[in-house]
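# A look at the structure
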Amino acid sequence: MKRALVTGGSGGIGAAICRRLAADGHHVIVHANRSRAKAEALVAEIVAAGGSGEAVAFDVSERAATAAALETLLEGGPIQIVVNNAGIHADAVFPGMSAEQWHSVIDVSLHGFFNVTQPLSLPMIRTRWGRIINISSVAAIAGNRGQVNYSAAKGALHAATKSLALEVASRGITVNAVAPGVIATEMSDAAFDTETIKKIVPMQRAGRPEEVADLVAFLASDQAGYISGQIISINGAMI
Ligand code: NAP
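An account of the accompanying structure is given in this report. (Residues numbered from 1 in each chain as written. Predicted model: local features only at pLDDT ≥ 70, side-chain atom pairs only at ≥ 80, totals over all residues. Heavy atoms only, no water.)

## Quick word on the overall build of the chain
- Each helix and strand counted, the chain has nine helices and seven strands in total.
- Rg of the C-alpha trace for the chain: 17 Å, near the compact-globule value of 18 Å for 239 residues, within the 12% margin.
- Dimensions of the chain along its principal axes, counting C-alpha atoms only, are 45 × 35 × 35 Å.
- Buried positions account for 49% of the 239 residues belonging to the chain.
- Roughly 11100 Å² of accessible area belongs to the chain as shown, and the carbon and sulfur atoms make up 55% of that amount.
- For the chain, the centre of its 19 positive side-chain charges and the centre of its 20 negative side-chain charges are spaced 6 Å apart. (Helix = DSSP H or I, 4+ residues; strand = E, 2+ residues; numbered from the N terminus. Rg over C-alpha atoms; globule rule 2.2 N^0.38 Å. Buried < 20%, exposed > 50% of the residue type's maximum accessible area, 1.4 Å probe, protein only. Areas by Shrake-Rupley, 256 points an atom, 1.4 Å probe, with all protein chains shown as cover. Lys, Arg positive; Asp, Glu negative; His and termini not counted. Charge placed at Lys NZ, Arg CZ, Asp CG, Glu CD.)

## Let's talk about the site of the ligand
- Residues in contact with the ligand amount to 30 residues; listed here are only the nearest, Ser 10, Asp 59, Asn 85, Tyr 150 and Thr 185.
- One of the backbone nitrogen or oxygen atoms of Asn 85 is found 2.8 Å away from an oxygen atom of the ligand.
- Ile 183 places a polar main-chain atom, nitrogen or oxygen, 2.9 Å from an oxygen atom of the ligand.
- For the ligand, whose accessible area on its own is 890 Å², the fraction buried by protein is 89%.
- Secondary-structure elements contributing two or more residues to the shell around the ligand are helix 1 (12-23), strand 2 (27-32), helix 6 (148-168) and helix 7 (186-189).
- Looking at side-chain class alone, the shell around the ligand contains 13 nonpolar, 14 polar and three charged residues. (Near = heavy atom within 4 Å. Polar contact = N/O pair within 3.5 Å; in protein donor to acceptor, adjacent residues only side chain to side chain. Nonpolar A, V, L, I, M, F, W, Y, C, P; charged D, E, K, R; others polar.)

## Some words on the nonpolar core
- Grouped together as the largest cluster of nonpolar side chains are 30 residues, with contacts concentrated most on Ile 17, Leu 21, Val 30, Val 83, Val 178 and Val 216.
- Sequence-distant contacts of Val 30, that is, excluding residues within four places in its chain, are made with Val 6, Gly 9, Ser 10, Cys 18, Ala 39, Leu 42, Val 43, Ile 46, Glu 54, Ala 55 and Val 56.
- Judged by nonpolar contacts, the second largest core, of 24 residues, contains Ile 29, Val 108, Leu 164 and Ile 173. (Core = buried A, V, L, I, M, F, W, Y, C linked by side-chain atoms within 4.5 Å. Contact = heavy atoms within 4.5 Å.)

## Remarks on the pairing of strand 4 (residues 81-84)
- The alternating pattern of strand 4 places Ile 81 and Val 83 on one face and Val 82 and Asn 84 on the opposite face, and all of these are buried.
- Here strand 1 (residues 3-6) pairs with strand 4 via three bridges, running parallel. Looking at strand 4, one finds that Leu 5 is bridged to Val 82.
- Across four bridges, the pairing between strand 4 and strand 5 (residues 130-135) is parallel. (Pairing = 2+ DSSP bridges.)

## Here's the deal with helix 6
- For helix 6, built from 21 residues, the straight-helix expectation of 30 Å at 1.5 Å per residue is met to within 8% by its first-to-last C-alpha distance of 30 Å.
- All of the buried residues in helix 6 are Asn 149, Tyr 150, Ser 151, Ala 153, Lys 154, Leu 157, His 158, Thr 161, Leu 164, Ala 165 and Val 168.
- Packing partners of the buried residues in helix 6 comprise helix 4 (99-127), strand 5, helix 5 (139-142), strand 6 (173-180), helix 7 and strand 7 (231-234). (Expected span 1.5 Å × (residues − 1).)

## Observations regarding the sheet that holds strand 1
- Within the open sheet, the seven strands sit side by side as 3-2-1-4-5-6-7. Their pairing is parallel. Looking at strand neighbours, the two that pair on one side only are strand 3 (52-57) and strand 7, the edges of this open sheet. Pairs of neighbouring strands in the sheet enclose a mean axial angle of 20°, with direction left out of account.
- As defined by bridge partners, strand 2 adjoins strand 3 across six bridges and the pair is classed as parallel. When the bridges of strand 3 are listed, Val 28 appears paired with Gly 53.
- In the packing of helix 1 onto the sheet, contacts are made with strand 1, strand 2, strand 4 and strand 5, and the angle to strand 1 comes to roughly 170°.
- Relative to strand 6, helix 6 is tilted by about 160°, and along the sheet it contacts strand 5, strand 6 and strand 7. (Axes fitted to C-alpha atoms, helices over the stretch in contact; angles between N-to-C directions.)

## Brief notes about the packing of helix 1 against helix 9 (residues 209-219)
- Their axes nearest at 8 Å, the elements helix 1 and helix 9 cross at an angle of 50°. Put simply, helix 1 runs oblique to helix 9. Crossing handedness for the pair helix 1 and helix 9: right-handed. The segment helix 1 lies against helix 9, with Gly 12, Ile 13, Ala 16, Ile 17, Arg 20 and Leu 21 engaging Pro 209, Glu 210, Val 212, Ala 213, Asp 214, Val 216 and Ala 217. (Parallel < 35°, antiparallel > 145°, perpendicular 65-115°, else oblique. Left-handed = near helix turned anticlockwise from the far one by under 90°.)

So this is what it looks like as structure tokens:
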């Protein structure tokens, strides 16, 4: 049984990924920031379904708190699957974007990737098997008005994905990014109504978190061992 950490497991896409990885037989560490109770409820659901999991809560943008939490988790053994899914957006057209909006988004998506993945990398490398999956966004590929901060953070994640993939390729570790389009969660419900979705998504519907989870689960599997350094879109033909 491999141990898998899913950051933002308390959110819409993260919860679907946790359920799917647990169904695939992994021990899933369901991470939350503010919504620890949601992560605990999900772990209870996973265990009731015959799976294995535990909940953990920390702010991925806080380097010291993240390092301390990961050190405790690593006492239970290496974490071989890491899904960097925690993310926020703080949208504003660029002339009106505050420094706080700029930094907060980059702190969670980009610095969060470093804070979580770097301390886990050496123990993972020692096992000669690993999967690092970074959840980015179509906004990093196509751009999106009002999301210069978010696009910059997720685009940097794409570049980091490619470089890290090269570094760890000879150690049995793959590193990929999954770039969703509009997926039906609380994050997107606030931003897009049904008519807008019909206009911008050629398939005329939002994706389901479970569809993203299926892709992540495949990338986390043995079968995907030769796929690395890739940015894989899942967006209903948006681009
Ligand atoms: P969501 O439901 O809002 O969930 C966001 C998750 O991130 C929550 O679990 C939240 O934890 C966690 N989080 C936020 N700030 C954090 C911090 N400082 N430290 C640790 N965790 C933090 O969002 P979602 O729609 O599932 O999105 C998941 C990922 O997919 C994000 O990276 C997002 O950018 C990306 N994405 C989403 C869409 C979409 O249409 N939904 C499209 C493209 C990409 P708490 O709630 O516990 O605080």
